[in-house]
Amino acid sequence: MKPFKKNCFLFLMLTIAFSFSLRAQSNCELKPWTDSNLSFDERVELLMNCLTLEEKISQLLNASSAVNRLDIKSYDWWNEALHGVARGPKATIFPQAIGLASTFDKDLIQDVGNAISDEARAVNNYLVKNNGNFIRYMGLSFWSPNVNIFRDPRWGRGQETYGEDPFLSGQIGASFIKGMQGNHPKYLKTAACAKHYAVHSGPEAQRHSFNAIVNPQDLNETYLPAFKACVDAGVEAVMCAYNRTNNEACCGSPTLLQTILRDNWGFKGHVVSDCGAIRNFHKFHKLTTTPEESAALALKSGTNLNCGNTYSTLYSAFQKGLVTEDDINNGLRPLLKTRFKLGMFDSPEVNPYANISLDVIHSAKNINLTREVAQKSVVLLKNDNVLPIKKDLEQLYISGPLAGDVRTLIGNYHGLGDNLVTLVEGVVGKVSPITRVQYRAGTLINHSNSNDGDNYSHLAGKADATIIALGLTIVMEGEENEAIGSSNKGDNITMQLPENQMAYLRKMRGNHDKPLIVVVFAGCPLDLTEVSELADAVIYAWYPGEQGGNAIADVIFGDVSPSGKLPITFPKNIEQLPPYEDYNMKGRTYKYMIEEPMYPFGYGLTYSKLDMSDISISSKKIKKKETQTVKIKITNTGDFDVEDVLQLYISLKENDNNAPLSSLKDFKRIQLKSKESKIFEFKLKSNAFNYIDQEGREKRHKGTAIVSIGNASPSKRSLDLGGIYKELIVRVD
């Protein structure tokens, strides 16, 4: 080509390129992604095409920067709502997650999620209308629920979960997500997030460097199903955990994030790292040597959003050839789509949730709801015919270090309100105007009294009844840096109540025969062997939320019959447990525990007696693809109107593949008036008889199986404690 023609050609190419640049710039100035008639995917691509590489990277951090030229506001993705909007404005405080699970009530938990997301939307709507900033804890993307399996009672963060059973956890988690995200076909009310994916449940002190080794059977039978249920429910986000699982960092695991989550389960949302988890790659796990390498590993493995700052090194990683712009684009697309689905680029006129106003926050409706949830979460473990007590007692004594402590109500990751009702307040609000009520703490929470004078324990022998509140608080169990009173980073490795509390309980018992009612506040199972021996009645209240005092009083005085069920097995002591660091499920939970527990999974008493009869199934020969109907007649033979929880379990016999002893397959709340009988039924799909083999594959059982229906998990211990169940033997073809 001659020089003149060559120069003309170059000039033409530059002119065309400049023309395209002007056209693109002009297109970006028009902001076509704001057209709400376009699909979210189209809008994402239009916006992506207008972002520079540096701007794209800035959107991959939880504290995402503003891009003013494109009218993108700064946004902090970090918001919490385990049991109410947390760490932000005033909010309704519901029972801690373990208490939500003990209701065994999917519809109720969806109502809870709906109430929480209403309150969150109300704050967001106010900020939008007043040009406020979307600061941390006041946004619309909530890192809840926690569906990790509470495999070991010693884990301090187990209180955040829905217990030890993957089916229950998945069902409660899915219901919570549906309430949080709303039911609009296009927009999200808020974005929920299932965490911490995966195989994450202590020890808390080692979480940044721990390598959880788990076999394929336990992985697919126990640790993953709850997350799969959340994905099936349409959860918008998944948070990857701090630890390694089978040598791969959870936030840098192609196995977890790509093969299982996206390829096998079809997850379309975004993955967020736990806070600082990507930094752990080089700092603690020693899988990488530089922040750039850590950022590249996480991004290319499928982590979209970095809670932390390690992704700020992605431009340097790009320059070094560790990532491409396509990698960054792939990471960003799901994040932008979530923001579009939340309506962040649309006018309030097209947003179906834009009219939710501040008057929903801590409304009478939500206060009543949290009281109902607390009532249904309370578990009655023992009752030697002392409960309920009369409201017109002559003298009532309330004692214990936790009876007047609001920390017993809120649990960790909590919000705050102006109407927190302690046990003292709830009880005093119930008794008659002429009942003499005394209250003494009696002992400190976790160490002996400095003053060794009279602790008034003798009053228990003089009062008509005594209520004593024992247990833990969120400074004694919980997350690593939050539990400032724990010497084990929030874990309770002994399962023990503080010795000074036990010493005080012994004094309270003394030699008298007056009713002694123990209310235990805690988020984890405790060794209650001696407590059960000393007390006439034992109530496990968890962390019951702002209306906890009223709800417990409702139960104590008989306005409500207790109906909560244990979502986790209570061992007698730690000697019954495998090593804490061992993630093998052998010997753990009701599904694999051979030893007799103190209190079984699914157990909880009411104020009445139920009788079960006439159990039947459509066919005792279970064939493929056939749904069976299981029926049972329940009669309330007692004098109280009650609610209870029917639970259906399956035990596979003649199975040499280490199948669980029994597995929860369905549950439902029932209501029965005194002397009333009803027939209840369950639909049992054929795949309820499947199991996971030792290679992690789902297979169909062939042979004998037992179908059990009861109000506790099927075991001799359940029967000994007053639980009931009936069994059917079937043959699976």
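Conventions used here
- In this convention, every chain numbers its residues from 1, walking through the sequence in written order.
- Given that this is a predicted model, residues contribute local features only at a pLDDT of at least 70 and side-chain atom pairs are listed and counted only at 80 or more, while totals for whole chains, interfaces and linings are drawn from all residues.
- The basis for the side-chain values is all heavy atoms of the structure; hydrogens and waters are excluded.
- When DSSP locates at least two bridges between a pair of strands, those strands are taken to pair.
- Helix and strand assignments follow DSSP, with helices taken as H or I runs no shorter than four residues and strands as E runs no shorter than two, numbered in order from the N terminus.
- Inter-axis angles, ranging from 0 to 180 degrees, are taken between N-to-C directions of lines fitted to C-alpha atoms, where helices are fitted over the stretch in contact.
- Buried, partly exposed and exposed residues are distinguished by accessible area as a fraction of the type maximum, computed with a 1.4 Å probe on protein chains only: under 20%, between the cut-offs, and over 50%, respectively.
- Any pair of residues with heavy atoms lying within 4.5 Å of one another is described as a contacting pair.
- Disulfides are defined as pairs of cysteine sulfur atoms found within 2.5 Å of each other.
- For classification purposes, angles smaller than 35 degrees are called roughly parallel, those larger than 145 roughly antiparallel, those between 65 and 115 roughly perpendicular, and all remaining angles oblique.
- A crossing counts as left-handed when the near helix is turned anticlockwise from the far one by less than a right angle, and as right-handed when that turn is clockwise.
- Grouping buried Ala, Val, Leu, Ile, Met, Phe, Trp, Tyr and Cys residues that are joined through side-chain atoms within 4.5 Å yields what is termed a nonpolar core.
- The criterion for an aromatic pair is that two Phe, Tyr or Trp rings (for Trp, the six-membered ring) have centres within 6.5 Å, with stacked assigned to planes under 30 degrees apart, edge-to-face to planes over 60 apart and tilted to the rest.
- Distance and angle both matter: a charge sits over a ring if NZ of Lys or CZ of Arg is within 6 Å of the ring centre and within 35 degrees of the ring normal.
- Here a polar contact is taken to be a pair of N or O atoms separated by no more than 3.5 Å, where protein atoms must pair a possible hydrogen donor with a possible acceptor and residues adjacent in sequence count only if both atoms sit in side chains.
- Think of it as three bins: nonpolar holds Ala, Val, Leu, Ile, Met, Phe, Trp, Tyr, Cys and Pro, charged holds Asp, Glu, Lys and Arg, and polar takes everything else, Gly as well.
- The salt bridge definition used is simple: a Lys or Arg side-chain nitrogen within 4 Å of an Asp or Glu carboxyl oxygen.

### Focus on the sheet that holds strand β10 (residues 395–399)
Sheet strands associate in pairs through backbone hydrogen bonding, adopting either a parallel or an antiparallel arrangement. Strands sit in the order β9-β14-β13-β12-β10-β11 across an open sheet of six strands; the sheet is mixed. Edge positions in the open sheet fall to β9 (379–383) and β11 (436–440), since each of these has one partner strand only. This sheet shows a mean twist of 15 degrees between the axes of neighbouring strands, independent of strand direction. The pairing of β9 with strand β14 (residues 537–540) spans four bridges and is antiparallel. When the sheet's bridge partners are listed, N383 is paired in β14 with A537.

### Re helix α17 (residues 499–509)
When we look at burial in α17, the residues that qualify are N500, Q501, M502, Y504, L505, M508 and R509. Packing partners of the buried residues in α17 comprise β10, β11, β12 (465–471), β13 (516–521) and α18 (529–534). Following α17 by one or two positions, G510 adopts a phi angle in the positive range, close to 50 degrees.

### What to know about the state of the cysteines
The final tally for this structure, using the stated rule, is three disulfides. Across the disulfide, C28 is cross-linked to C50 (sulfur-sulfur distance 2.0 Å). Taking the sign of the S-S torsion, about -95 degrees here, the bridge from C28 to C50 comes out left-handed. Of the two residues, C28 is situated in helix α1 (residues 3–30) and C50 in the loop between α2 (40–48) and α3 (53–58); the sequence distance between them amounts to 22 residues.

### Overview of the environment of A174
Secondary-structure assignment places A174 in helix α6 (residues 166–181). Assessed through its relative accessible area of 11%, A174 is described here as buried. A sequence separation of 66 residues divides A174 from C240, and the C-alpha atoms of the two residues are 18 Å apart.

### Comments concerning the packing of α6 against helix α8 (residues 225–232)
Packing of α6 against α8 leaves a shortest axis separation of 8 Å and a crossing angle of 25 degrees. On the basis of their axis angle, the class for α6 and α8 is roughly parallel. Judged by the twist between their axes, the crossing of α6 over α8 is right-handed. Each of P166, S169, G170, G173, A174 and I177 in α6 lies in contact with α8, whose residues at this interface are P225, A226, A229 and C230.

### Quick look at the pairing of strand β3 (residues 193–197)
With five of its five residues buried, β3 lies for the most part within the structure. As judged from the three bridges shared by β3 and strand β5 (residues 237–240), these two strands associate in the parallel manner. Looking at the pairing, Y197 lines up with C240 of β5.

### So, unusual backbone geometry
Between S144 and P145 the backbone carries a cis peptide bond, its omega angle lying at 10 degrees. Looking at the secondary structure, you find P145 in the loop between α5 (106–129) and α6. Cis geometry is found at the peptide bond from Y197 to A198, where omega equals 5 degrees. Note on placement: A198 falls in the loop between β3 and β4 (211–212). Look at Y413: it is not a glycine, yet its phi comes out positive at around 50 degrees. Topologically, Y413 is positioned in the loop between α15 (407–410) and α16 (423–428). Classification of Y413 as buried rests on a relative accessible area of 9%.

### Re the nonpolar core
Generally speaking, a soluble globular protein has its nonpolar side chains buried in company with each other. Within the largest apolar cluster, 119 residues are counted, with the highest numbers of intra-cluster contacts made by L47, W143, Y197, V235, L261, Y311 and L314. In terms of residues, this core owes the most to one element, α5, which gives nine residues. Excluding anything up to four places from it in sequence, Y197 contacts L224, F227, V238, M239, C240, A241, C250, L256, L257, I260, L261 and W265.

### A short note on the packing of aromatic side chains
One pass over the structure, following the stated rule, counts 22 aromatic pairs. The interplanar angle of 75 degrees and the centroid separation of 5.9 Å between the aromatic rings of W78 and Y137 together place this pair among those described as edge-to-face. Here the residue W78 occupies a position in the loop between β2 (75–76) and α4 (97–102), and Y137 occupies one in the loop between α5 and α6, the gap between them amounting to 59 residues. Assigned by exposure class, W78 and Y137 land together as buried. Where Y540 meets W542, the ring centres are 4.9 Å apart and the plane angle is 75 degrees; that geometry is what we call edge-to-face. By relative accessible area, which is 0% here, W542 ends up buried. Three or more aromatic residues link up through ring pairs in this structure, and these residues are F104, F167, Y590, F601, Y649 and F667. When the ring centre of F667 is taken as origin, the NZ or CZ atom of K106, which lies over that ring, is 5.4 Å away.

### Let's talk about the environment of H196
Position of H196 among the secondary structure elements: in strand β3. Take H196: its relative accessible area is 1%, and that puts it in the buried class. On a C-alpha basis, the gap between H196 and A241 in space is 4.7 Å, while along the polypeptide they are 45 residues apart. Among all residues touching H196, those that are not within four sequence positions of it are N146, N148, R157, E160, F227, M239, A241 and D274. Within polar-contact distance, the side chain of H196 engages the side chain of R157 at 3.5 Å.

### Here's the deal with the packing of helix α14 (residues 364–377) against helix α19 (residues 548–556)
Between α14 and α19, the shortest axis-to-axis distance is 8 Å and the interhelical angle comes to 50 degrees. Judged on the interaxial angle alone, α19 and α14 are oblique. Every pair of crossing elements has a handedness; the one defined by α14 and α19 is right-handed. Only N550, A551, D554 and V555 of α19 make contact with α14, whose side of the interface consists of R371, A374 and Q375. Residue composition of the contact of α14 with α19, grouped by class: three nonpolar, two polar and two charged.

### Re the side chain of K31
Assignment of secondary structure puts K31 in the loop between α1 and α2. Contact partners of K31, with chain neighbours within four places excluded, come to R69, L70 and D71.

### A short note on the pattern of salt bridges
One side chain can pair with another of opposite charge once the charged atoms of both are near each other. Taken as a whole and judged by the stated rule, the model has 44 salt bridges. Linking K90 and D418 is a salt bridge whose minimum nitrogen-to-oxygen distance equals 3.7 Å. Note that K90 is positioned in the loop between β2 and α4 and D418 in the loop between α15 and α16, a separation of 328 residues in sequence. The exposure class of K90 is partly exposed, given its relative accessible area of 42%. Among the residues examined, D418 registers a relative accessible area of 56% and is labelled exposed. One continuous salt-bridge network, built from bridges that share partners, spans R157, E160, E204, R207, E479 and E480.

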